[in-house]
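Fold and geometry: a report
This is what each chain is made of:
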Amino acid sequence: ADLIEMDPEKTYVGGAFKDEAHTIHSVHCDGRSISGRMDMQNKYAGTASFHLTQMGAYSFIVQLIQGYLCYKYGITKDSMGMPRLREIDMRWNGMVRKSSGIYAKVEEKHCTSEDNVFTVELSFDLEDGACSGRIIGICPLTPHPDAIQASQESLTPFQKEVRDYATQAELIGMDPRETYQGGVFKDEVHRIHEVELEGRVITGKMDVTNKYSEMPTFHLTQMGAYSYIVQLLIGYLCYKHGVNKELLGMPTLREFSIRWKEMVPYPTAIPCRVEERACSIENGRYKIEFGFEIGDDHGRGRLVGLIPVPPEAKQGE
């Protein structure tokens, strides 16, 4: 907050708006795919400045994936255990600027299992290519003995069970906002400290507090990691150009990818390093590529974004 001259918790936290609500509806399962629509409410919904954020899109995709797995294996979300992200690639061809009826489809591409621990690769498409990519995750499941399982060779039994769901809660058997919503825990607090800048690099440490932070089952979620990276990145841009966060304008994500060797297992003093790799002008906006590392080499990736920089900003060396 000292670095970016405002409290990030008040409005925009690492890609999500505070007090943002997601309502998923018109969910439909068919073969190895699931589709649905989402309505969003936040301070910009219904205004010309609204756009779907990275976290909003990720939350939508993850809820559909969890619903698909619950449907496929005949279980509720409570029986799934804690999912772990192995890899995600997201590419944006254009921002989604409507806050209701946002459409997404997820399709299973590959699935392997060992001792009821499933490694699943899925592709996703949001708003006809506005955002697309793939996600690989590991999820412990305890399928019901009579659960339908989609055969790798024949989908006929599964396809016969296609149905429409009125609400997301009906599909996954609980209200996801009670605990875990698309990669982040409700009432989770991130505290970033020991921020240091040198050249084109910014580093910091983060403490996480949530219902699992003092338990052996803790791991840093995808959204927690993304929030951390983005806060450092925005702080770096404020420092580089001599402006505060309010003068930067709304950043636009172009590409984001992360690969995890393993999830960060400790909740305090989680290190992160973000480095600017390339910067150019594109249609009056800066196109900037960053590389990052999370934890003790637990995860690493790259982020490409567009951001309008005001005329009064200084040019960094």
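Residues numbered from 1 in each chain as written. Predicted model: local features only at pLDDT ≥ 70, side-chain atom pairs only at ≥ 80, totals over all residues. Heavy atoms only, no water.

**Notes on the overall build of the protein chain**
Note the cut-off: Per the convention used, a helix needs a DSSP run of H or I reaching at least four residues, while a strand needs a run of E reaching at least two, with both numbered from the N terminus. Any two residues having at least one pair of non-hydrogen atoms within 4.5 Å are treated as being in contact. Each accessible area value is a Shrake-Rupley result obtained with a 1.4 Å probe; residue values ignore everything except the protein chains displayed when judging cover.
A tally of helices and strands in the protein chain yields five helices and 17 strands. Expressed as a percentage of contacts within the protein chain between residues at least 6 apart in sequence, the contacts between residues at least 24 apart total 68%. Carbon and sulfur atoms provide 46% of the accessible area of the protein chain, an area that totals close to 14800 Å².

**Brief notes about the packing of aromatic side chains**
The following threshold applies: Stacked, tilted and edge-to-face are the three classes assigned to paired rings of Phe, Tyr and Trp, where Trp is represented by its six-membered ring and a pair needs centres within 6.5 Å; plane angles under 30 degrees give stacked, over 60 edge-to-face, the rest tilted. Accessible area is worked out with a 1.4 Å probe on protein chains only. A residue is then buried under 20% of its type maximum, exposed over 50%, and partly exposed in between.
Enumeration over the complete set of coordinates arrives at three aromatic pairs. Arranged with centres 5.0 Å apart and planes meeting at 90°, the rings of Y226 and F256 form a pair that is edge-to-face. Here F256 lies in strand β14 (residues 252-260) and Y226 lies in helix α4 (residues 222-241), a separation of 30 residues in the sequence. Judged by relative accessible area, which is 1%, F256 ranks as buried. The interplanar angle of 85° and the centroid separation of 5.9 Å between the aromatic rings of Y236 and F290 together place this pair among those described as edge-to-face. Residue Y236 is found in helix α4, and its partner F290 is found in strand β16 (residues 285-294); the two are separated by 54 residues along the sequence. Just as Y236 is buried, F290 falls in that class too. An aromatic cluster is built from Y226, F256 and F292, whose rings are joined through pairwise contacts.

**Some remarks on the pattern of salt bridges**
Stated formally: Put simply, a salt bridge is a Lys or Arg side-chain nitrogen that is within 4 Å of an Asp or Glu carboxyl oxygen.
What the rule picks out here adds up to 21 salt bridges. A salt bridge links R254 to E282, with the nearest nitrogen and oxygen atoms 3.3 Å apart. Here E282 lies in strand β15 (residues 270-282) and R254 lies in strand β14, a separation of 28 residues in the sequence. Taken together, the shared-partner salt bridges in this structure form one network comprising E87, D89, E121, R134 and R259.

**Details of the environment of A45**
Tracing the backbone through its elements, the reader meets A45 in the loop between β4 (33-41) and α1 (54-73). For the pair A45 and S99, spaced 54 residues apart in the sequence, the C-alpha separation amounts to 5.5 Å. When residues no more than four places from it in sequence are discounted, the contact partners of A45 are M40, F50 and S99.

**What to know about the side chain of N210**
Rules: A 3.5 Å cut-off defines polar contacts: any pair of N or O atoms within that distance qualifies, except that in protein one atom must be a possible hydrogen donor and the other a possible acceptor, and neighbouring residues in sequence count only when both atoms are side-chain atoms.
Residue placement: N210 occurs in the loop between β13 (201-209) and α4. Within the structure, N210 has its side chain in polar contact with the backbone nitrogen of Y212 (distance 2.7 Å).

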